[in-house]
Amino acid sequence: MVRAGADIAVIGMSCRFPGVPGLTEFWRLLVNGESTVATFPEHRLTGSTVSSHPDAATLTTGSFLDAIDGFDAAFFGTGGAEAAAMDPTQRLGLELAWEAVEDARIPATALAGREVDVVVSTAPSGYDLLRKLSGSDRDDHYAALGSSGALIANRISSLLDVRGMSFCADSGQSSSLVALALACDRIRSGAVELAIAGGVHLITDPEAGISLANLGALSPDGRCFTFDERANGFVRGEGGAIVVLKRLDLAVADGDHIYAVVRGWGVASGGASSRMPDPSPSGQAAATRTALERAAVDFGDVDYVEAHGTGTRLGDPAELAGLREVFRQTGRTRPLAVGSVKTNVGHLEPAAGIVGFVKTALCLDRGQLVPSLNFRSPNPAVADFGRDFEVARAAQPWPGQPGRPRRAGVSAFGMGGTTAHVILEQAPGQPDTPTAAQTAGVLPWVLSARSPEALRAQAARLREFVAADTSLSAADVAYSLVATRTTFAHRAVVLGDGREAALAGLDLVAGGQSAARAVRGVVDGPVGPTVFVFPGQGSQWQGMGRQLYAESEVFAGAIDDCARAFQLWLDWSLVDVVTGAESAASLDRIDVIQPALFAMMVSLARVWRSLGVVPDAVVGHSQGEIAAAYDCGAISLDDAARIVSVRSQAMAELTGCGGMTAVAASPDWVRDRLARWSGRLSVAAVNGPSSVVISGEVPALDEFAELAGAEGVRVRRVKVDLAGHSHYLEPLRETLLDAIADVTSRESAVRFYSTVTGGPFDTRGLDSAHWYANLRSMVRFGEVVEQLMAVPGTVFVEVSPHPVLQLAMAETADALAASPVLVNTLHRDDAGLLKVYGSLAELHVRGLPVDWSAACGLRPARRIGLPTYPFQRQRYWLTADDAATSPGAPAPADGVRPDSEASALGLVCAEAAAMLSTTKPGLTPAVLTARSAQTFRDLGFDSAMVVGLRNRLAGVTGLRLSATVAFTYPTPQALAAHLFALVEPPKPDPPAEPAELDDRADDELYALIDRGYL
């Protein structure tokens, strides 16, 4: 149960204005005292008649975005037709909501399924008129979704999968601040803990402002002269802002960056105290008093008010009169600083209040008051202006008093009399978060996007951001990328051990390139299960764990655990061998190699697990099966150490009595050739389709090598001086069985595949007999891998200090035409965290869930603000030109009615042929008549064309036809029969059932019908 009565933190904000893509640029604009006011972009005036209007100059002056037709439809999961039908205010709202959540440093996926409110505001942009003028309203089945203002909030809720109230507020020009007040009410009441609030405003045609010009509300000078003697109206503005609100105590506990605290708010109406649309000073004063009472703040402790400040002749004096009424009621005596962001970005009407709110929150956060523009001398209608008010003309420190937090009010007034006022306060002192030191060490910078173009742009943005601020910690960047960003299918991981290395990696990704330190990939299907592969002997090398032992606490801790387990069995230091100390025992001894390799493998497996890579199955090659059994929990570490020690010490007694050779040939080829050395050579392991190991007497191995070389087959002597996995090890049987007779095993939750039996194995059977068989029997590794590769997308992680089985697994994959994910862990030439993270990156970019926070958590780090997502916008727009030139415009209704089914079929086929004339000109009316039993879908119709055909037929016949008539009657033949039935009495026999549409995968229309929208 959430707590009621809480203050509310502003933890995320976004905004968009002409030439101002975000908060950084907005703050720069405010501090520098600049304006975005200009003229309406010429290229956006196509089709407009505004230039002929007497007030054309007034209407086309304002703060207008250069373009509002762009949208990243792929990012937001909409098709082209839906994107074009979507009002641009909906598109802008989606983008700003996403950016606000990113600014709040919350991964969008963390909100999914939660009770989060979305309350926003907007006003008609004029796109519906354009929809009608373009003619697309006739057959656009997305129009209903694209035109409703309420759908802005609903689309945001859907985008983020949040389940709280989803509501579009409309109280005129105060809408967005009212929306914020509603969101705050919900949080304070305990209904939700988090909310998204804001507003957007766009103008498709400046001619829509004629009504405001007729009211005298627009400035003929093209400026907002707020509080100035020249006040004569406002200029219109485009853009918007959205904020993320959170209960204050939770924000503090979570270490969120808090821009400001919402202490109180009030919403009131002027009622009949003034004539609409004249502002009501008493209504405005009432809203302000309510906000102060809710905040428990004295008006005298408010340092600044971000006024509605339209610069209209009636508006400014009325607003200041309302504030003076609060002065009188509260006894305030000191002057109040006032200003208006409308002087910078124009009047965004329904979004005006939230824009002022964001400006004020930034000022509170930075402790600075910014200039309000266009103020020269006070409005003469406000007597003794300087007694109660002052306007900042230049950036200056916040005008507060020592010992108390900075406080401000924000006002917004609707033309119909609804007023809103919000009290904001400086964020409380938050506990210092750790600052990451600029120390050496490998860090992953993890990026992702919905497209390769966006991924490159993301890398370029991050590179520019980091390069511009040398104080940024690489650890902070790494942690914030992992902790605050949503992960998409197109991925990259930049691995750097310093700032310059990371920037160079970003350059590679921005250029669409890959490298060992800049891993790129795309998730193109399901990935998993994950298999840990533990190899046998051969991956060892001097000092194989030295670097990782120094870099990874997890690895070092696991090695130390192994050393303690082995201390009863060894007279040498396991840690010294692993780290390559000068005094270490020699790795030429098999009784040193095997304990050291076991410790390396199980410690590397622990590192993988710490990074979120957990096996669904394990498989071990030869002695690797002991590591696999321990890793999956089937045997204890003490028992594993005992098995490894006893086996390797027993094998040491047989050294010098044989050898092993790797052969790059098929098992059949090898077995055929071994016949001449029967009893002297045998197959020790089958690792893949062309990877076999043979074992036996050394002279026989030399002879085999000579034969193989003559036939062009590569062979390589394995560095071991005994004949493993052969009958030469049988003398060890009784000794081994006795020494490990009392080892125990248990059932494992992880699937265990044995290379002794060649398939899944019940780990309860891992007794002494099995461990002898593991030593004596042929290793059936290739057979096990074939079984595991039967599942598409299986991930194989070779857990060893050097890859020895990856090539064999790759050959098996080629033979099976499979596409598994194969990675290794360490390499002789690269044996530190950089190599581990590189392999982890390979898994991540292919789609395997990993835990990057563990990699970033090796040092203190903070969540910092990062560049927002680089939307890849394309043009989606409805124009009259498109409609005029599009083929198949419906003919005017002339009431032509078919007099027979044949004539009805001829009419349907003629209109259908006209619809298909540009895409399939060969489908003439005659051809369509011959194919009239086929469905419209099979003939080449998409959903929009189906509706368009309905429009043509309705226009020609004058019949009233449903939009889905060609879906219900999906063939020309069935549709023709239906048309004739509408003009003739029904026949006695029941009509045939409409043809069934088996595959509805065609278009959006069918999907919409299936979901019940039509």
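What you see is a predicted model; the values in this text were computed from it and never measured.

Asker: Mind laying out the sheet that holds strand E27 (residues 751-754), listing which residues take part and the relevant values?
Answerer: Strand order in the open sheet formed by six strands is E28-E27-E22-E21-E29-E30, and the pairing between neighbours is mixed. The sheet is open, and its two borders are formed by strand E28 (759-760) and strand E30 (821-823), each paired with just one other strand. Sheet strands touched by helix H29 (residues 781-788): strand E21 (530-534), strand E22 (617-620), E27, E28 and strand E29 (795-798). Its angle to E27, the strand with the most contacts, is close to 145 degrees. Helix H30 (residues 806-816) contacts E21, E29 and E30 of the sheet and is inclined by roughly 170 degrees relative to E30.

Asker: Describe the side chain of aspartate 591, naming the residues involved and giving the relevant values.
Answerer: In this structure, aspartate 591 sits in helix H22 (residues 590-610). You can call aspartate 591 buried: its relative accessible area is 13%. Excluding its chain neighbours within four sequence positions, the residues that come into contact with aspartate 591 are Trp572, Ser648, Gln649 and Ala652.

Asker: Hey, could you go over the pairing of E27 for me, with residue numbers and the actual values?
Answerer: Relative to E27, E22 runs parallel, the two being bridged by four bridges. Looking at the pairing, glycine 620 lines up with serine 754 of E27. Hairpin geometry of E27 and E28 is characterised by an intervening segment of four residues between the two adjacent antiparallel strands and by a positive phi of about 80 degrees at glycine 758.

Asker: Any chance you could break down the packing of aromatic side chains for me, citing the residues and the numbers?
Answerer: Counted according to the given criterion, the structure contains 27 aromatic pairs. Judged by centre distance (4.8 Å) and plane angle (80 degrees), the ring pair of phenylalanine 75 and phenylalanine 76 falls under edge-to-face. Take phenylalanine 75 and phenylalanine 76: they sit in the same class, and that class is buried. Among the aromatic residues, those joined into a ring-pair cluster are Phe71, Phe75, Phe76, Trp98, Phe488, Tyr869 and Phe871. Between arginine 332 and the ring centre of phenylalanine 299, over which it is positioned, the NZ or CZ distance is 5.1 Å. It is arginine 450 that lies over the ring of phenylalanine 75; its NZ or CZ is 4.9 Å from the centre.

Asker: Report on the environment of glutamate 582, specifying residues and quantitative values.
Answerer: Mapped onto the elements of the fold, glutamate 582 is located in the loop between helix H21 (574-579) and H22. With 244 residues separating them along the chain, glutamate 582 and leucine 826 place their C-alpha atoms 22 Å apart.

Asker: So what's going on with helix H28 (residues 768-776)? Residues and values would help.
Answerer: Within H28, seven of the nine residues are buried, which leaves it mostly tucked inside the rest of the structure. Along H28, the residues that are buried comprise Ser768, His770, Trp771, Tyr772, Ala773, Asn774 and Leu775. Elements in contact with the buried residues of H28: helix H23 (624-631), helix H24 (637-652), helix H27 (733-739) and E27.

Asker: Can you tell me about the pattern of salt bridges, naming the residues and giving the values?
Answerer: In this structure the tally under the stated criterion is 50 salt bridges. Between arginine 717 and aspartate 702 there is a salt bridge; the shortest N-O distance is 2.5 Å. Taken together, the residues arginine 717 in strand E26 (residues 715-717) and aspartate 702 in helix H26 (residues 698-710) connect sequence positions 15 residues apart. Given a relative accessible area of 38%, arginine 717 falls into the partly exposed group.

Asker: I'd love a proper account of the sheet that holds strand E17 (residues 418-425), names of residues and values included.
Answerer: The eleven strands are arranged E6-E5-E7-E9-E1-E10-E17-E16-E11-E12-E14 in an open sheet whose pairing can be described as mixed. In the strand order of this sheet, the two ends are held by strand E6 (166-169) and strand E14 (389-391), each with one partner. When strand polarity is set aside, the average angle formed by the axes of neighbouring strands in this sheet is 25 degrees. When strand E11 (residues 304-306) meets strand E12 (residues 336-339), the two strands line up parallel, connected through three bridges. Counted as the bridge partner of tyrosine 304 is alanine 337 from E12.

Asker: So, unusual backbone geometry: which residues are in play, and what are the values?
Answerer: Between glycine 528 and proline 529 the backbone carries a cis peptide bond, its omega angle lying at 5 degrees. Take proline 529: it is sitting in the loop between strand E20 (518-522) and E21. In this structure, arginine 105 is a non-glycine residue whose phi angle is positive, near 65 degrees. Inspection of the secondary structure puts arginine 105 in the loop between helix H4 (88-103) and strand E5 (116-121).

Asker: Outline the environment of alanine 296, listing residues and values.
Answerer: Relative to the helices and strands, alanine 296 resides in the loop between helix H11 (281-295) and E11. On a C-alpha basis, the gap between alanine 296 and glycine 264 in space is 7.8 Å, while along the polypeptide they are 32 residues apart.

Asker: Explain the nonpolar core to me, and be specific about the residues and the numbers.
Answerer: Phe532, Phe534, Phe598, Trp608, Val613, Val797 and Leu843 are the most contacted members of the largest nonpolar core, which totals 110 residues. Top contributing element to this core by residue count: H22, with 14 residues. Those residues within four positions of tryptophan 608 in sequence are excluded, and the remaining contacts are Phe532, Val613, Val797, Val799, Val823, Asn824, Thr825, Val836, Ser839, Leu840 and Leu843. One finds Ile11, Val118, Val162 and Ala251 within the second-largest nonpolar core, a separate group that totals 75 residues.

Asker: For the environment of arginine 846, give the residues involved together with the corresponding values.
Answerer: Examined against the element boundaries, arginine 846 turns out to sit in helix H31 (residues 833-846). Residues arginine 846 and glycine 793, spaced 53 residues apart in sequence, show a C-alpha to C-alpha distance of 9.4 Å.

Parameters and conventions
Residues numbered from 1 in each chain as written. Predicted model: local features only at pLDDT ≥ 70, side-chain atom pairs only at ≥ 80, totals over all residues. Heavy atoms only, no water. Pairing = 2+ DSSP bridges. Helix = DSSP H or I, 4+ residues; strand = E, 2+ residues; numbered from the N terminus. Contact = heavy atoms within 4.5 Å. Axes fitted to C-alpha atoms, helices over the stretch in contact; angles between N-to-C directions. Buried < 20%, exposed > 50% of the residue type's maximum accessible area, 1.4 Å probe, protein only. Phe/Tyr/Trp six-rings, centres within 6.5 Å; stacked < 30°, edge-to-face > 60°. Lys NZ or Arg CZ within 6 Å of the ring centre and 35° of its normal. Salt bridge = Lys/Arg side-chain N within 4 Å of Asp/Glu carboxyl O. Core = buried A, V, L, I, M, F, W, Y, C linked by side-chain atoms within 4.5 Å.

In short, shape yes, function no, at least from these values alone.
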